[in-house]
Amino acid sequence: MILDRLGRPIRDLRISVTDRCNFRCTYCMPKEVFGSDYIFLPRAELLSFEEIARLARLFAVHGVQKIRLTGGEPLLRRDLEHLVAMLRAIDGIHDIALTTNGSLLARKAQSLKDAGLDRVTVSLDSLDDTTFGAMNDVSFPVQRVLDGIAAAAAVGLSPVKINMVVKRGQNEGDVLTMAEHFRGTGHIVRFIEFMDVGQTNGWRMDHVVTAQEIIRTIGDVHPLAEIPPAYPGEVADRWRYEDGAGEIGVIASVTRPFCGACSRARLSADGKLYTCLFGATGHDLRAPLRSGATDDEIAAQLRAIWGHRIDRYSELRSEESPDLPRVEMSYIGG
Ligand code: SAM
Ligand code: SF4
Ligand code: SF4
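As the structure is a computational prediction, the values presented were derived from the model and not from experiment. (Residues numbered from 1 in each chain as written. Chains lettered and ligands numbered in written order. Predicted model: local features only at pLDDT ≥ 70, side-chain atom pairs only at ≥ 80, totals over all residues. Heavy atoms only, no water.)

Let's talk about the site of ligand 1
With respect to spatial proximity, 20 residues lie near ligand 1, and among them G72, S123, N163, M195 and M329 are the closest. One nitrogen or oxygen atom from the side chain of S123 is found 2.6 Å from an oxygen atom belonging to ligand 1. With respect to ligand 1, the side chain of N163 contributes an N or O atom lying 3.1 Å from an oxygen atom. Looking at the shell around ligand 1 residue by residue, the classes come out as eight nonpolar, 10 polar and two charged. (Near = heavy atom within 4 Å. Polar contact = N/O pair within 3.5 Å; in protein donor to acceptor, adjacent residues only side chain to side chain. Nonpolar A, V, L, I, M, F, W, Y, C, P; charged D, E, K, R; others polar.)

Structure (structure tokens):
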């Protein structure tokens, strides 16, 4: 096990398998920036599944137990289930999850489950087609995402978590509807404060609907009680309905930062390791992979990178509002 300079172990690896997406969520890949002339990573620059699995094995040796596949839209990467099966075979990896916009999930849920995927998180920002279409900005219909969620639950990729980014002026009026739709289904909605990731989404503090406001909106109608985290370093604050209809989460990365227990590393689709979601620069692991470095040499790099880590961007942002260059979320994965 390795610890960073603030004593945090590395437990959780998020792997972006593509920087491409079929949505243009305004808070993530705004069309004005990610337009038809935007140049995505060429295929040769993406890590192959073999390269990803080799790195994942080395991470597992150093304490990583959980892997989350993300992007971009991870289900755009062809044969993703092959990667899932390769990761499943690694000793020490106890949990493999996927974050997806759900657009291709109905088709792929069964093969992902068969390959060994444990869980999915599906992003869905509204149940109203007009609001959702404006947020995904490609007019993608709500029903097809709901079909994906149903398919995931049917094959046992559960409990399904549903991520809703709440942005003032766009969908804050849908918080209660979303909570009520999924109450009693066993699915867990997680309301996410709109974050200042990347440099293109025009983030402003007054667009943030705070976790406190979200909990009040739901709790006024359906009383809620806070419950302890399921494991140390969990990002969502958990709340349960007092009448037993299940639980929800809120991810308050803006108003209640959780860097203190942050054990997450992120690997971009082209093999750069980021030790913080708000990192400006990554550490290139593809170059050593492709120039014949041994496992021991790459492992030594991992230890050095994590051992030097001091990231706590969200806490610093709250303390002193730095305006630092930041990498885009669609590139390193949410
Ligand atoms: N395309 C997949 C999806 O949307 O689920 C996976 C990648 S996406 C970058 C991962 C998560 O990050 C999604 O739940 C998305 O809603 C969230 N996200 C993206 N930009 C965000 C922002 N500015 N603030 C908060 N969450 C954001
Ligand atoms: Fe695509 Fe996910 Fe970003 Fe939306 S949040 S643009 S679905 S990567
Ligand atoms: Fe972890 Fe960086 Fe997020 Fe803090 S800001 S919780 S260190 S990823």
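Past the structure itself, the notes keep going.
Describing unusual backbone geometry
Residue P159 is bonded to the preceding S158 through a cis peptide linkage, with omega at 0°. By secondary structure assignment, the location of P159 is in the loop between α5 (142-154) and β5 (161-166). Residue D79 is not a glycine yet carries a positive backbone phi of 55°. Structurally, D79 is set in the loop between β2 (66-70) and α2 (80-88). On the basis of relative accessibility, which here comes to 35%, the residue D79 falls in the partly exposed class. Positive phi, normally seen in glycine, also occurs at S139, with a value near 55°. Within the secondary structure layout, S139 lies in the loop between α4 (129-136) and α5. (Helix = DSSP H or I, 4+ residues; strand = E, 2+ residues; numbered from the N terminus. Buried < 20%, exposed > 50% of the residue type's maximum accessible area, 1.4 Å probe, protein only.)

Some thoughts on helix α1 (residues 49-61)
The end-to-end C-alpha separation of α1 is 18 Å, in line with the 18 Å expected for 13 residues at 1.5 Å each. Those residues of α1 that fall on the buried side of the exposure criterion are F49, E51, I52, A53, L55, A56, L58, F59 and A60. (Expected span 1.5 Å × (residues − 1).)

Looking at the sheet that holds strand β3 (residues 95-100)
The mixed open sheet is built from 12 strands, whose spatial order is β7-β8-β9-β6-β5-β4-β3-β2-β1-β10-β11-β12. The open sheet has two free edges, formed respectively by β7 (224-227) and β12 (283-284), since each of these has just one partner strand. Sheet analysis places strand β4 (residues 119-123) next to β5, joined by three bridges and oriented parallel. Residue pairing across strands places S123 opposite N163, the latter belonging to β5. Each of β5, β6 (188-193), β7, β8 (237-241) and β9 (247-251) touches helix α7 (residues 211-219); the most contacted strand, β9, lies at about 160° to it. (Pairing = 2+ DSSP bridges. Contact = heavy atoms within 4.5 Å. Axes fitted to C-alpha atoms, helices over the stretch in contact; angles between N-to-C directions.)

Some words on the site of ligand 3
Neighbouring ligand 3 are 13 residues, the closest being C259, C262, C276, L277 and S314. At the level of elements, β10 (264-267) and α10 (313-320) are the ones that each hand at least two residues to the shell around ligand 3. Split into classes, the residues belonging to the shell around ligand 3 amount to seven nonpolar, one polar and five charged.

Some remarks on the pattern of salt bridges
For the coordinates displayed, the defined rule picks out 16 salt bridges. Across the salt bridge formed by R290 and E51, the nearest N and O atoms sit 2.8 Å from each other. Taken together, the residues span a long stretch of sequence, with R290 in helix α8 (residues 286-290) and E51 in helix α1 at a distance of 239 residues. We classify R290 as partly exposed; its relative accessible area is 41%. A salt bridge links R54 to D295; the nearest nitrogen and oxygen atoms lie 2.8 Å apart. Pair noted here: R54 is in helix α1 and D295 is in helix α9 (residues 295-307), with a separation of 241 residues, a long-range link. The exposure class of D295 is partly exposed, given its relative accessible area of 38%. In this structure, a network of salt bridges that share partners links the residues D4, R8, R309 and D311. (Salt bridge = Lys/Arg side-chain N within 4 Å of Asp/Glu carboxyl O.)

Points about the pairing of β5
Most of β5 is tucked away, with six of its six residues classed as buried. Of the two faces of β5, both are covered, the one formed by K161, N163 and V165 as well as the one formed by I162, M164 and V166. Two strands pair when backbone bridges link them, and β5 and β6 are joined in this way by six bridges, in the parallel orientation. Bridged to V166 within β6 is E193. Once you follow β5 into helix α6 (residues 175-182) and on to β6, the crossover reads as right-handed. (Right-handed = clockwise from strand over helix to strand, strands pointing away.)

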